[in-house]
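Architecture at a glance
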Amino acid sequence: MANIDPVCGMTVDPATAKAKIEHAGATYYFCCTGCAQKFQASPEEYLTPKKPQLVTLRVPSAGNSAPTVGHAAPLSHPAKAASKSSHGSPRLQSQVTRSPAYVCPMCPDVRESEAVSCPSCGMALEPETPIANSRTEYTCPMHPQILRTEPGSCPICGMALEPRTVAAAEEDNPELRNMTRRFWASVALTLPLLAIAMGDMLPGMPFQRVLGADRLPWIELLLATPVVLWGGWPFFQRGWASIVNRSTNMFTLIAIGTGVAYVYSLVAVLVPEIFPSSFIDMSGRPAVYFEAAAAIVTLVLLGQVLELRARSRTGAAIRALLDLAPRTARVIRDGKEEDIPLVDVRAGDRLRVRPGEKIPVDGVVLEGRSSVDESMITGESVPVEKNPGDRIIGATVNASGSFIMQAERVGSETMLSQIVRMVSQAQRSRAPIQRLADKVAGWFVPAVIAIAILAFILWATLGPEPRFAHAIVNAVAVLIIACPCALGLATPMAIMVGTGRGAHAGVLIKNAEALETLEKVDTLVIDKTGTLTEGKPRLSSTTPQGAFSADELLRLTATLERASEHPLAAAVVAAAVGRSLELSEAKDFFSYPGKGVVGSVEGRRVAAGTLGLMRDQGIVDGAIATPGSAAGTAIYVAVDGGYAGSITLADPLKASSEGAVRELKRQGLKVVMLTGDNRAVAETVARQLGIDEFRAEVLPSDKSQIVKEYQQQGRTVAMAGDGINDAPALAQANVGIAMGTGTDVAIESAGVTLLKGDLSGIIRARKLSQATMKNIRQNLFFAFIYNAVGVPIAAGVLYPFFGVLLSPILAAAAMSFSSVSVITNSLRLRAVKL
């Protein structure tokens, strides 16, 4: 008989269920342990029937879009081309108008456009939480699948949950405030407790003489009890939850270690007569370890305070991005100018931007000219000239000149909000290298408990007198010194800081896997148009044939090409408009991808495209004249089945392309250029840039196959492109790199987006990847070595050789600072030079 998993809704066979839980007299079966953990943490959340919620979904269309209100349902992805203008590709900010995305709560890297089941774990996908959501959600830095609506502890590792999204202003951290209060109260009680314990080691034992030997254990009990039971209460709560959830962690070890030391000491004070004579020390009573238990709790509290403070700094990158936005905007309404809060700006508003001011929102320049510093978004320090009609980005700085702009995207739709969302998602994704740490952490705590038990047995049977006391001390030291959190934090902390640093350099990382893979890339495949070149071809020459004049050839071709969205078509139309040629309407238009277009213009059959299209039209090569310029791309034109001439377009190289290619080759990368242009143009561009290998006359459908060919050779391939036809190749590559000036489809298919849109960004992205992966390896090395060395020493392995034992207090200090050191090392990435 099949049952329904109450968390994900999957049908589960009890015979093959991964987990089952008894609750309120009923048995529930689960598809995976993750679902069981979520249910056990909050069963009522999944057993209470939920009413369907009404949601407002904004679906973009080619025209004006209106909100659609109804029950949440799967939506098909809208055509990206609707937002594309006739003169170029949409910028990154147009992504915010796409249909809602759905993500898996257990597998954060799974993201679909429809509310289907997760392909990895089978859970029902949930609507993605936008960055501007007013409801704060909390997640665990080590287990991003854990989501809660209120702060608390992770049911898996016990760590304090932190906000999933970062607010512009640093928010109060209740966990930090709570731990700080407990820490200082524990310090006040632990210091005199340590003084009493240490005083027994002084000549004459002053505390015993003043306070009395019989009273000292009771005084220590009074001082230690608030520290252990109140100061350490969060650790006992988390330790118990870890046992109940069968997910042992750092707090399991702390709770067992301090609990054993405290309970043993309590029994020794209350009923000392039950202990054998071998347990009695020089004071005539069994030894107590109140100071060890209290000091361990205090040091762990100190570690928690330092760790929480350090973790709060990992959100500094996003917070700095949010701080870029101005608080007000100067709006022009009804002929009057006034400053209004930024949240009150609406799409379509006319805004005045004065010299030195930050641009409020994304939009277009209407009047005036200026230069804008876009370094905080693109990472480029050179100001960009802006003229009427040019697009501008919110949060960038107007360096000189005053202009009037029209607001196009406001609030959560701006490029800045989109960047923040992408960075936040990347910070919560998991890198493949994390699997190693996950595997180790899975058996680490049980192994430590086993070692502690073994150490206790060996010391109790083979150790020096008092054997039982030595056994307790060393077993507690083993439990306390082990710190799986350092292992678990090694990767996510570096990813969080690294992706934030990349955003400030104009490099957006979509997920941690892309960041890790980018370091291993040895082959870079680059689409020429829009990546190596400006992607804005210009008319170079016209070569008419027969009775056609240059203007007539251009006019007929532009009329036909006006129905096409290809960049070359836009350049032909722009050239015709620039010459004030009168264009008519094309009929029966049809496009042949990779070859050209055909249609009817003023009753005449016109075809414009490659030599292959001319052959398809029945024109032999001998009838085709050589274009006026061999340095550009030729569009061959046929009218009524006869050859009419050619139009040559040249696409200038980006200024940074040559230097970037040279640096990439110096780093050992194989650079391959792909282009749909003819071989002569491809060879000219390749020679100018120093590219040794290129493929010319490549059809859009061939690009992904070429990438696959290199992968079959054992190469790790990155593909860089910006067009819709690059999307399959970007998805096929080990890492897809999209230009931020490219289309939404390309950006959506890529793992890395370069906001500036030139190859120098690839160099910055590789430096970021290398620095982040180096940092992760340092963190993992430290965590592994720390535990590999610390646990045996705590068990007493050095005692037979050097007579050295590790005090539980020192073990607690070492454990507390291990996590802090990992986080501190990760924070160094904020200063890496890209």
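Refer to the structure above for everything that follows.
Here the structure is a predicted model, which is why all the values come from computation and not from measurement.

1. Here's the deal with the overall build of the protein chain
When its secondary structure is counted, the protein chain shows 27 helices and 34 strands. In the protein chain, which comprises 834 residues, the proportion classed as buried is 52%. Residue pairs at least 24 apart in sequence account for 64% of intrachain contacts in the protein chain once pairs closer than 6 positions are excluded.

2. A short note on the pattern of salt bridges
Inspection of every chain in the model, using the stated rule, returns 24 salt bridges. The partner of Lys 703 in a salt bridge is Asp 527, and the shortest N-O contact between them spans 2.8 Å. Placement of Lys 703 in helix α22 (residues 703–712) and of Asp 527 in strand β23 (residues 523–527) is noted, with a sequence separation of 176 residues between them. A relative accessible area of 4% means that Lys 703 is categorised as buried.

3. Looking at the packing of aromatic side chains
In total, this model carries nine aromatic pairs according to the counting rule given. Relative to Phe 468, the ring of Phe 456 lies with its centre 5.6 Å away and its plane at 85 degrees, an arrangement referred to as edge-to-face. Of the two residues, Phe 456 is situated in helix α12 (residues 434–462) and Phe 468 in helix α13 (residues 467–481); the sequence distance between them amounts to 12 residues. For Phe 468, a relative accessible area of 29% gives the class partly exposed. Taken together through their ring pairs, the aromatic side chains of Tyr 264, Tyr 289, Phe 456 and Phe 468 make up a single cluster. Positioned above the aromatic ring of Trp 230, the side-chain terminus of Arg 182 is 5.0 Å from the ring centre. Here the basic side chain of Arg 238 rests over the ring of Phe 251, its NZ or CZ set 5.0 Å away from the ring centre.

4. Here we look at helix α27 (residues 808–827)
For α27, built from 20 residues, the straight-helix expectation of 28 Å at 1.5 Å per residue is met to within 8% by its first-to-last C-alpha distance of 29 Å. The buried count for α27 comes to 14 of 20 residues, which makes it a mostly enclosed element.

5. Things to note about a nonpolar patch on the surface
Nonpolar side chains collect at one region of the surface, where Trp 218, Leu 270, Val 271 and Ile 274 lie side by side and expose about 370 Å² of accessible area between them. Relative to the helices and strands, Val 271 resides in the loop between α7 (250–270) and α8 (290–312).

6. A short note on the sheet that holds strand β19 (residues 391–392)
Taken in spatial order, the six strands of this open sheet run β14-β13-β15-β21-β16-β19, and their pairing is antiparallel. Two strands close off the open sheet at either side, each with one partner strand: β14 (336–341) and β19. The pairing of strand β16 (residues 362–367) with β19 spans two bridges and is antiparallel. Each residue of the ladder has a partner; that of Gly 363, found in β19, is Ile 392.

7. Quick word on the packing of helix α6 (residues 233–244) against α7
As a packed pair, α6 and α7 sit with axes 8 Å apart at the nearest point and diverge in direction by 120 degrees. As α6 packs across α7, the resulting crossing turns out to be left-handed. Contact residues: α6 offers Phe 235, Phe 236, Arg 238, Gly 239, Ser 242 and Ile 243, while α7 offers Phe 251, Thr 252, Ile 254, Ala 255, Thr 258 and Gly 259. Here the contact of α6 with α7 is built from residues that sort into six nonpolar, five polar and one charged.

8. Some thoughts on unusual backbone geometry
With phi around 55 degrees, Asp 334 is a residue other than glycine that occupies positive phi space. Positionally, Asp 334 belongs in the loop between β13 (328–333) and β14. Positioned with a positive phi, Ala 395 is a non-glycine residue whose angle comes to about 85 degrees.

9. Observations regarding the environment of Arg 177
In this structure, Arg 177 sits in helix α3 (residues 174–199). It is 8.6 Å that separates the C-alpha atoms of Arg 177 and Val 305, two residues lying 128 residues apart in sequence.

10. Considerations on α13
Across its 15 residues, α13 extends 21 Å between first and last C-alpha, which sits within 8% of the 21 Å expected from 1.5 Å per residue. The element α13 is largely enclosed, with a buried count of 13 among its 15 residues.

Thresholds, definitions, all that
Residues numbered from 1 in each chain as written. Predicted model: local features only at pLDDT ≥ 70, side-chain atom pairs only at ≥ 80, totals over all residues. Heavy atoms only, no water. Helix = DSSP H or I, 4+ residues; strand = E, 2+ residues; numbered from the N terminus. Buried < 20%, exposed > 50% of the residue type's maximum accessible area, 1.4 Å probe, protein only. Contact = heavy atoms within 4.5 Å. Salt bridge = Lys/Arg side-chain N within 4 Å of Asp/Glu carboxyl O. Phe/Tyr/Trp six-rings, centres within 6.5 Å; stacked < 30°, edge-to-face > 60°. Lys NZ or Arg CZ within 6 Å of the ring centre and 35° of its normal. Expected span 1.5 Å × (residues − 1). Patch = residues over 30% accessible without salt bridge, like charges linked within 9 Å, V, L, I, M, F, W, Y side chains within 5 Å. Areas by Shrake-Rupley, 256 points an atom, 1.4 Å probe, with all protein chains shown as cover. Pairing = 2+ DSSP bridges. Axes fitted to C-alpha atoms, helices over the stretch in contact; angles between N-to-C directions. Left-handed = near helix turned anticlockwise from the far one by under 90°. Nonpolar A, V, L, I, M, F, W, Y, C, P; charged D, E, K, R; others polar.

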